[in-house]
Amino acid sequence: MRIVDIREKTASIASPIANAYIDFSKMTCSVVAVVTDVIRDGKPVIGYGFNSNGRYGQGALMRDRFLARVAEAEPDSLIDQDHDNLDPFAIWKALMRNEKPGGHGERSVAVGTIDMAVWDAVAKIEGKPLYKLLAERYLDGVADDKVWVYAAGGYYYPGKDHRQLQDEMRGYLDRGYRVVKMKIGAASLEEDLSRIEAVLEVVGDGQRLAVDANGRFDQDTAIAYARALKPYNLFWYEEAGDPLDYALQAELANHYDLPMATGENLFSHQDARNLLRYGGMLPEKDFLQFDCALSYGLVEYLRTLDVMKDMGWSSRRVVPHGGHQMSLNIAAGLHLGGNESYPDVFQPFGGFADGIRVEDGYVGLPDVPGVGFEAKAKLYAVMRELGEG
Ligand SMILES: O=C([O-])CC(=O)C(=O)O
Ligand SMILES: [Mg+2]
């Protein structure tokens, strides 16, 4: 058993939308195919992965160093003898050979994308959905059969008025979502409050709305928004300040005692640990949004979950960023609190398996081997072209 090829390509997920920090007019992501010589159903097993939005494609890093390290590794050293399968931990070690600690920038995205494809292959070789494999290997064997999801959108784009924002949110409720998320921080506080009130007219209750500032605010602005947001009793207030400014996050907690969320731009278990040590986040009410596809993959995510456990945080407090099926599998298989969903944006990478409806805020997972990409036709078409083309 061996990996015979790892292919990558860059796909466009460009759209005119913007958050408080960036627009997505040139956004890309990498798609990866890990081709093995293992035959299932008469065909070689191919694992697939992609990175979530926001960090662009990682092809250059993969081509420059990561792919060669796997190709150069002794194939037997990448095998998990106990499970007669590929060993994601050994492959991760090969990928990270000669990498210094710290500075978790783009390489964590490149490695996370390859790692996703490796786990997809591992679950396909074992012939079961990844969430079941994870529950068997790392928990008591029982995966959640549905996952709480919320609809993320509410972006800024030219010409978008309150009515369009309301229509978008109504569309999410109609599709079964109970909590929606919108962007803040790219307009004045006054304008953002009127956008929030427009959305509240549709969703009805602050507990059905989360807001995301994408790390835009300095401390004074974060606190000014906190004061203004408080009366709405929102579901959460996300990424107010710079993701690595733990002191800002801790100070904000002195001014806002309602749920906050952050972590999508922390890319390692060490950074996650620093957030929990110094960010003033509370395990009873706050949410963590670490995204495996941006942060060295599931191998590293298991370490992050260990850090959380050591520091008294339940895995149920994690609701990953990224709206992808990999995190949905981790959520079901390792008992996270839920997952983000992008019903309308970042297609065909946003959203989950075809034909599985969101019911009362929860979504089920397809019963197919691997992550479940084959159950999402438009996404699988892109992947298959890379893997089999
Ligand atoms: O707009 C983005 O960069 C995505 C994001 O923060 C989220 O989904 O929470
Ligand atoms: Mg966010």
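Residues numbered from 1 in each chain as written. Chains lettered and ligands numbered in written order. Predicted model: local features only at pLDDT ≥ 70, side-chain atom pairs only at ≥ 80, totals over all residues.

**Side note on the nonpolar core**
Note on soluble globular proteins: their nonpolar side chains tend to be buried together. Counting 113 residues, the largest nonpolar core has Ile114, Val180 and Val211 as the members making the most contacts within it. At 12 residues, helix α3 (residues 107–126) tops the list of elements feeding residues into this core. Each of two domains, domain 1 (3–127) and domain 2 (138–386), supplies a minimum of three residues to this core. Apart from residues no more than four positions distant in its own chain, valine 211 is found in contact with Met182, Ile184, Ile196, Leu229, Leu234, Tyr237 and Glu238. (Core = buried A, V, L, I, M, F, W, Y, C linked by C-beta atoms within 7 Å. Buried ≥ 20, exposed ≤ 12 C-beta atoms within 10 Å, placed from the backbone. Helix = DSSP H or I, 4+ residues; strand = E, 2+ residues; numbered from the N terminus. Domains from an automatic or database assignment. Contact = placed C-beta atoms within 7 Å.)

**Brief notes about unusual backbone geometry**
With an omega of 0°, the peptide bond running from glutamine 347 to proline 348 counts as cis. By the element assignment, proline 348 lies in the loop between β12 (339–341) and β13 (362–363). Unlike most non-glycine residues, asparagine 98 shows phi in positive territory, near 65°. Within the secondary structure, asparagine 98 sits in the loop between α2 (88–95) and α3.

**Describing the UniProt feature "binding site: Mg(2+)" (unreviewed entry) in the chain**
Per the UniProt record, "binding site: Mg(2+)" (unreviewed entry) is found at Asp212, Glu238 and Glu264. Considering the C-alpha atoms alone, the annotated residues occupy 53 residues of sequence yet fold into one spot, their largest mutual distance being 11.3 Å. With respect to the element layout, aspartate 212 can be found in strand β8 (residues 209–212). For aspartate 212, the residues in contact, after removing those within four places along its chain, are Lys181, Lys183, Ile184, Glu238 and Glu239. One can find glutamate 264 in the loop between β10 (260–262) and α9 (269–278). In contact with glutamate 264, not counting residues within four places along its chain, are Glu239, Gln289, Asp291 and His321. (UniProt positions renumbered as here; feature names shortened; annotations may be inferred.)

**As for the sheet that holds strand β3 (residues 43–50)**
With antiparallel pairing, the three strands of this open sheet are ordered in space as β1-β2-β3. In this open sheet, the two edge strands, each paired with only one partner strand, are β1 (3–12) and β3. The sheet shows a mean angle of 25° between the axes of neighbouring strands, direction not considered. For β1 and strand β2 (residues 28–40), the ladder comprises nine bridges, and the chain directions are antiparallel. Note that in β2 the partner of threonine 10 across the bridge is serine 30. α3 rests against β1, β2 and β3 of the sheet, and its axis sits at about 145° to β3. (Pairing = 2+ DSSP bridges. Axes fitted to C-alpha atoms, helices over the stretch in contact; angles between N-to-C directions.)

**Side note on the site of ligand 1**
Lining the immediate environment of ligand 1, one finds Asn19, Asn53, Gly54, Ala152, Asp212, Asn214, Glu264, His321 and Glu340. Taken together, the residues of the shell around ligand 1 break down into one nonpolar, five polar and three charged. Both domain 1 (3–127) and domain 2 (138–386) contribute no fewer than three residues apiece to the shell around ligand 1. (Near = placed C-beta within 6 Å. Nonpolar A, V, L, I, M, F, W, Y, C, P; charged D, E, K, R; others polar.)

**Some points on the domain arrangement of the chain**
By a widely used convention, the size of an interface equals the accessible area lost when the partners come together. Here the domain parsing of the chain yields domain 1 (3–127) and domain 2 (138–386). Computed from C-alpha coordinates alone, the two centres of domain 1 and domain 2 are separated by 23 Å. Each side of the interface is counted separately: domain 1 has 37 residues, and domain 2 has 39 residues. Of all the secondary-structure elements, those providing two or more residues to the side of domain 1 that touches domain 2 are β1, β2, β3, α2 and α3. Here the element with the most residues in the side of domain 1 that touches domain 2 is α3; it accounts for 11 residues. Grouping the constituent residues of the side of domain 1 that touches domain 2 by class yields 20 nonpolar, 11 polar and six charged.

**Regarding the UniProt feature "site: Increases basicity of active site His" (unreviewed entry) in the chain**
Feature annotation in UniProt places "site: Increases basicity of active site His" (unreviewed entry) on Asp291, given in this structure's numbering. Locating aspartate 291 in the fold gives a position in the loop between β11 (287–288) and α10 (297–310). When neighbours within four sequence positions are excluded, aspartate 291 is seen to be in contact with Ser52, Glu264, Pro320, His321, Gly322 and Ser327.

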